[in-house]
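Inside the fold
So the chains spell out like this:
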Amino acid sequence: MRIVALAGGIGGARFLRGLKDVVAPGDEITVIGNTGDDIHLFGLKVCPDLDTVMYTLGGGIHEEQGWGRAGESFAVKAELAAYGVGPSWFGLGDKDFATHIVRTQMLAAGYPLSAVTEALCHRWQPGVRLLPMSDDRVETHVRITDEQGSRAVHFQEYWVRLHAELPAEAIVPVGADTAKPGPGVLEAIAAADVILFPPSNPVVSIGTILAVPGIRAAVAAAPAPVVGLSPIIGGAPVRGMADKVLAAVGVEATAAAVALHYGPELLDGWLVDPADADAVDRVTAGGIACRAVPLLMTDPAATAAMARAALELAEQVRG
Ligand code: GDP
Ligand code: CA
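Each chain has its residues counted from 1, following the order in which its sequence is written. Each chain takes a letter, starting from A, and each ligand takes a number, starting from 1, following the order in which they are written. Where totals are concerned, whole chains, interfaces and linings use all residues; where local detail is concerned, this predicted model gives features only for residues with pLDDT of at least 70, and gives and counts side-chain atom pairs only at 80 or more. Water and hydrogen atoms play no part in the side-chain values, which are based on all heavy atoms of the structure.

For the protein, the name recorded in an unreviewed UniProt entry is Phosphoenolpyruvate transferase, with Streptomyces tateyamensis as its organism. UniProt positions are given in the numbering used here, feature names are shortened, and annotations may be inferred rather than shown by experiment. The UniProt entry for the protein carries the following comment under Cofactor (unreviewed entry): "Mg(2+)".

**Looking at the overall build of the protein**
A run of H or I in DSSP becomes a helix once it reaches four residues, and a run of E becomes a strand once it reaches two; helices and strands are each numbered from the N terminus. Of the regular secondary structure elements, the protein holds 13 helices and 14 strands. The C-alpha atoms of the protein give a radius of gyration of 19 Å, which matches the 20 Å a tight globule of 319 residues would have. Taken over the C-alpha atoms alone, the protein extends approximately 60 × 50 × 40 Å along its principal axes. Whether two residues are in contact is decided by their heavy atoms: any pair within 4.5 Å suffices. Intrachain contacts of the protein at a sequence separation of at least 6 include 69% that bridge at least 24 residues. Working definition of accessibility: Shrake-Rupley area with a 1.4 Å probe, residue cover restricted to the visible protein chains. As displayed, the protein has an accessible area near 13,100 Å², and 55% of this comes from carbon and sulfur atoms. Taking the average place of the 23 positive charges on the side chains of the protein and the average place of its 36 negative ones, the gap between the two points comes to 3 Å. Note on method: radius of gyration uses C-alpha positions; expected globular size equals 2.2 Å times residues raised to 0.38. Under this rule, positive means Lys or Arg and negative means Asp or Glu; His and the chain ends count for nothing. For the purpose of locating charges, the reference atoms are NZ of Lys, CZ of Arg, CG of Asp and CD of Glu.

**Here's the deal with unusual backbone geometry**
In this chain, Gly-86 is followed by Pro-87 through a cis amide linkage whose omega measures 5 degrees. Turning to its location among the elements, Pro-87 is positioned in the loop between helix H3 (75–82) and helix H4 (94–108). Even without a glycine there, the phi angle at Gln-125 is positive, about 45 degrees. Mapped onto the secondary structure, Gln-125 falls in the loop between helix H5 (113–124) and strand S5 (129–132). Looking at Gln-125, the relative accessible area reads 54%, which means it is exposed. Positioned with a positive phi, His-163 is a non-glycine residue whose angle comes to about 50 degrees. Since its relative accessible area comes to 46%, His-163 is described here as partly exposed. Using a 1.4 Å probe on the protein chains alone, a residue whose accessible area is under 20% of its type maximum counts as buried, one over 50% counts as exposed, and one in between counts as partly exposed.

Put into structure tokens, the structure is as follows:
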């Protein structure tokens, strides 16, 4: 079976670990990763979502934090701060720096991001094929109004430095309109037996991937069933501030509203948590098969059960 998943960072990566636990030997998982969060820092190209997937599936992730490397030290960060060189709000550890140095060096030598990601994965052996959504630069910006007036900031500045405390007035994936899907992306979607939307952020993770011209249409046209899992439980994101970016696109932070935002053109099935059992009728009425199953990724067994439920729903809606 060929499974394709669109993934952001933490929510996507944790779900993928559960998915790997339930697939049969010989099944292939292709992950289309969000690169709209990418940022250039200290002259280095940082790809937070690709790295979160790679480290999580490769056994190098800082488990409690959900991002960055386990057993990190921060000597480089301290030295940069001693020179007065920022930003200080983005936490890059020493081990993580090495990843970004290798990536930046390879990009400077002319390799596309997809080839660089493959090379990095050679070390981490994530057990999935990790494809950047695009080799072209896409950068999500957020329009805010603060004491400097109305302006756009990089998504990382909005999320990490400002903790999404100001309302997001607009989310703009800068460069997405002219970006091309990365090598293998459209082919993987077309050839998939199942397509999954993990409980990743619907706007700045999955929404950004779908904003690359051709990807949304490919998912909509794919013969495979498409099943998603809600990142929203009980009217709030399980983790993070997804409600802030949902508000920016006029979508309420509920499991049902997120499903209907994707719509029946994309989704064949949707899983909500039992806390949102009342969403099942609304989603079903919208033309999307819906089931309520526990959706908290509290441990590997619970996460594997979510993946199994998603694959079962895909079988039910097939054809
Ligand atoms: P990011 O790029 O690191 O923000 O990660 P993603 O976009 O892949 O996932 C973020 C989303 O994961 C957030 O909106 C969370 O609500 C969701 N999430 C995190 N943990 C869980 C969980 O245990 N269950 C569910 N259903 N969603 C979760
Ligand atoms: Ca992200």
